[in-house]
Amino acid sequence: MSTTTPAPPGRSLRRTRPPRRATGPDLVPVLDGRYYTDPGWWETDRRLVFERSWLCVARADEVPAAGDFVRVDAGAESVLVVRGRDGQVHAYRNLCRHRGAVLCLEPRGSFGKRIRCVYHAWTYGLDGRLVAAPNIHDMPDLVKDDFGLHRVRVEQWLGYVWVNLDAAAEPLREQVRPQLLARLGTEATFDRYGIGDLAVGHTITYDVASNWKCVIENFMECYHCASIHPELTAALPQFRSGYGTVSGGVGAGAAFAPTIGGFSRSGRASRAPLPGLLPEDDRLFYGVICRPNVFVILVPDHVAFFRLEPVDVTHTRVTVDWLFSPDAMARQDFDPSDAVEILDITNRQDFDACQRCQLGMRSSAYGGVLVPAEHVITEFYDWYLTAVGERERS
Ligand code: FES
Ligand SMILES: [Fe+2]
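Residues numbered from 1 in each chain as written. Chains lettered and ligands numbered in written order. Predicted model: local features only at pLDDT ≥ 70, side-chain atom pairs only at ≥ 80, totals over all residues. Heavy atoms only, no water.

S.K.: Quick rundown of the overall build of the chain? Include the residues and the values.
M.R.: Helix and strand counts for the chain come out as 10 helices and 18 strands. Relative to its length of 394 residues, the chain is compact, with a C-alpha radius of gyration of 23 Å against a globular reference of 21 Å. Reported as C-alpha extents along the three principal axes, the dimensions of the chain are approximately 75 × 70 × 40 Å. Counting across all 394 residues of the chain, residues that qualify as buried make up 50%. Here the chain has roughly 18,500 Å² of accessible surface; of this, 50% comes from carbon and sulfur atoms. For the chain, the distance from the average position of its 44 positive side-chain charges to the average position of its 49 negative side-chain charges is 4 Å. (Helix = DSSP H or I, 4+ residues; strand = E, 2+ residues; numbered from the N terminus. Rg over C-alpha atoms; globule rule 2.2 N^0.38 Å. Buried < 20%, exposed > 50% of the residue type's maximum accessible area, 1.4 Å probe, protein only. Areas by Shrake-Rupley, 256 points an atom, 1.4 Å probe, with all protein chains shown as cover. Lys, Arg positive; Asp, Glu negative; His and termini not counted. Charge placed at Lys NZ, Arg CZ, Asp CG, Glu CD.)

Okay, here's the thing in structure tokens:
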């Protein structure tokens, strides 16, 4: 009789893999499971990916008024996104400059006119400057200008707030532009959807028991589409080929089935196309990934905006906003449910598959191959391994 002793929490199980065989050009080995399961690699992901990238963390309209804030995570760091009195969105590390207490535990709310640490009452303006501290006039060495909150770089794009802990990082546009060009061949296609002018018609948050990389990889390939997405492939028949839009080549969009008028559960088109679209955008579906944490679906009458928040090594929170034109939403008969339903069904199918992969990674025999329809994932592997300093594929 043999018994198995679980590994202590926080320590990874020792993994063994079968010796790698030559697989031929059609078959590319998947990444080692430790990248998806090992708490040590999770820390590496947080430090080298999420603390060095522009991350989409909130909608700008979540902080509409001066003093409004949301607390978000960027890697291992807690960050406060705050609307200032100047009307601008600012971001600060959630860290008091006195003795390092976190300033805020609530996920969102309003600071009013000041950000006050509850411990010793050091108080900061919405612009991050230290404005008051008990006995401050008796401490000439305490120069207010030296003790402002640690600023975090922040930009707004597409109606969302993006932060980057890396003070030396290039502007957000430099992170996303190469990805848009590689995916669509031109930024103009993406820009025509006018995402920054759209409004949220519906939001669903999914808690996915899967590493964030599994979720991204699933978005990239459509080899699974024929087997797990009957509703999606009925609307977009070419997905049955195993190639989606991300894996379909530069500029690829998927044509709607001739039997449907819109990308919706019923197949009906319920809204006019978004303003700014051209006839060539009609009846097309595009998927666009903006690493590391955004996936966007473009269809003529709406946009679905996916934002990933890695929670821990085996959990990812995915928030999906369905975005519509304000004109469409102002109509008495506006109802997003038909558009929401087809994608919600698809998302649940996808996330179930991601969770199955994550469970499989617990096996000491875990491994596998990317078939040609999935080779697009090697682009993600290359980017990821470069980011974490492991250029050679393991
Ligand atoms: S730790 Fe914030 S005021 Fe002392
Ligand atoms: Fe899918």
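S.K.: Could you give me a rundown of the packing of helix α5 (residues 212-220) against helix α10 (residues 377-387), with the residues and numbers involved?
M.R.: One way to put it is that α5 packs onto α10 with a least axis distance of 9 Å and a crossing angle of 145 degrees. Contacts between α5 and α10 involve Trp212, Lys213, Ile216, Glu217 and Met220 on the former and, on the latter, Ile377, Phe380, Tyr381, Trp383 and Tyr384. In the contact of α5 with α10, the residues fall into eight nonpolar, no polar and two charged. (Axes fitted to C-alpha atoms, helices over the stretch in contact; angles between N-to-C directions. Contact = heavy atoms within 4.5 Å. Nonpolar A, V, L, I, M, F, W, Y, C, P; charged D, E, K, R; others polar.)

S.K.: Before we move on, can you summarise the pattern of salt bridges with the specific residues and values?
M.R.: For the coordinates displayed, the defined rule picks out 20 salt bridges. Of the charged contacts in the structure, one is a salt bridge between Arg177 and Glu187, with a shortest N-O distance of 2.9 Å. Here Glu187 lies in helix α4 (residues 187-192) and Arg177 lies in helix α3 (residues 172-184), a separation of 10 residues in the sequence. Exposure remark for Glu187: the relative accessible area of 14% places this residue in the buried category. Ionic contacts of the salt-bridge type, sharing partners, join the residues Arg173, Arg177, Glu187 and Asp191 into one network. (Salt bridge = Lys/Arg side-chain N within 4 Å of Asp/Glu carboxyl O.)

S.K.: Explain empty space enclosed by the protein to me, and be specific about the residues and the numbers.
M.R.: The full count for this structure, using the stated rule, is two cavities of 30 Å³ or more. The space that makes up the largest cavity amounts to roughly 220 Å³. Residue lining of the largest cavity: 22 residues in total, with Phe219, Leu232, Phe239, Phe285 and Phe295 positioned closest to the centre. Secondary-structure elements contributing two or more residues to the lining of the largest cavity are α5, β14 (284-290), β15 (294-299) and α9 (337-360). In terms of residue class, the lining of the largest cavity is built from 12 nonpolar, eight polar and two charged. (1 Å grid on protein atoms, 1.4 Å probe; cavity = no way out; pocket = protein on both sides within 12 Å on 5 of 7 lines; lining within 4 Å. Points joined across faces, edges and corners; volume = space filled by probe spheres on them.)

S.K.: Give me the sheet that holds strand β3 (residues 68-74): which residues, what numbers.
M.R.: In any sheet, the strands associate via hydrogen bonds between backbone groups, in a parallel or an antiparallel arrangement. Reading across the sheet, the four strands line up as β5-β4-β3-β6 and stay open at both edges, with antiparallel pairing between neighbours. The open sheet has two edge strands, β5 (89-93) and β6 (108-110), and neither has a second partner. Each strand axis lies, on average, 30 degrees off the axis of its neighbour in the sheet, ignoring direction. Bridge count between β3 and strand β4 (residues 77-83): six bridges; the pairing is antiparallel. From the neighbouring strand, Val70 faces β4, where its bridge partner is Val81. (Pairing = 2+ DSSP bridges.)

S.K.: Before we move on, can you summarise the domain arrangement of the chain with the specific residues and values?
M.R.: Domain assignment breaks the chain into domain 1 (55-157) and domain 2 (177-387). Using C-alpha coordinates to define each centre, domain 1 is positioned 34 Å away from domain 2. Of the residues lining the interface, seven residues belong to domain 1; the matching set on domain 2 comes to 11 residues. A combined buried area of about 650 Å² lies between domain 1 and domain 2, and 64% of that area is made up of carbon and sulfur atoms. Considering only the side of domain 1, the residues that lose the most area to domain 2 are Cys56, Arg59 and Trp157, jointly responsible for 76% of the buried surface there. Counting across the domain 1 and domain 2 interface gives zero salt bridges. (Domains from an automatic or database assignment. Buried area = accessible area lost by both parts, 1.4 Å probe.)

S.K.: Quick one: what's the story with the sheet that holds strand β17 (residues 315-324), residue by residue and with numbers?
M.R.: Taken in spatial order, the six strands make up an open sheet running β12-β17-β16-β15-β14-β13, and their pairing is antiparallel. The open sheet terminates on both sides in strands that have one partner only, identified here as β12 (199-208) and β13 (254-255).

S.K.: I'd love a proper account of the coordination of the iron ion (ligand 2), names of residues and values included.
M.R.: Around the iron ion (ligand 2), the protein contributes the donor atoms His224 (NE2), His229 (NE2), Asp350 (OD) and Asp350 (OD), which lie 1.9 to 2.7 Å from the metal centre. Every donor counted, the four donor atoms about the iron ion (ligand 2) form angles of 53 to 145 degrees at the centre, which fits irregular coordination. Counting residues between consecutive donors of the iron ion (ligand 2) along the chain gives the motif H-x4-H-x120-D. With His224 in the loop between α5 and α6 (225-228) and Asp350 in helix α9, this pair connects stretches of sequence that are 126 residues apart. Overall, the relative accessible area of 12% leaves His224 in the buried class. (Donors = N, O, S within 2.8 Å, 3.2 Å for Na, K, Ca; no water. Tetrahedral: all angles 85-135°; square planar, octahedral: opposite > 155°, others 65-115°.)

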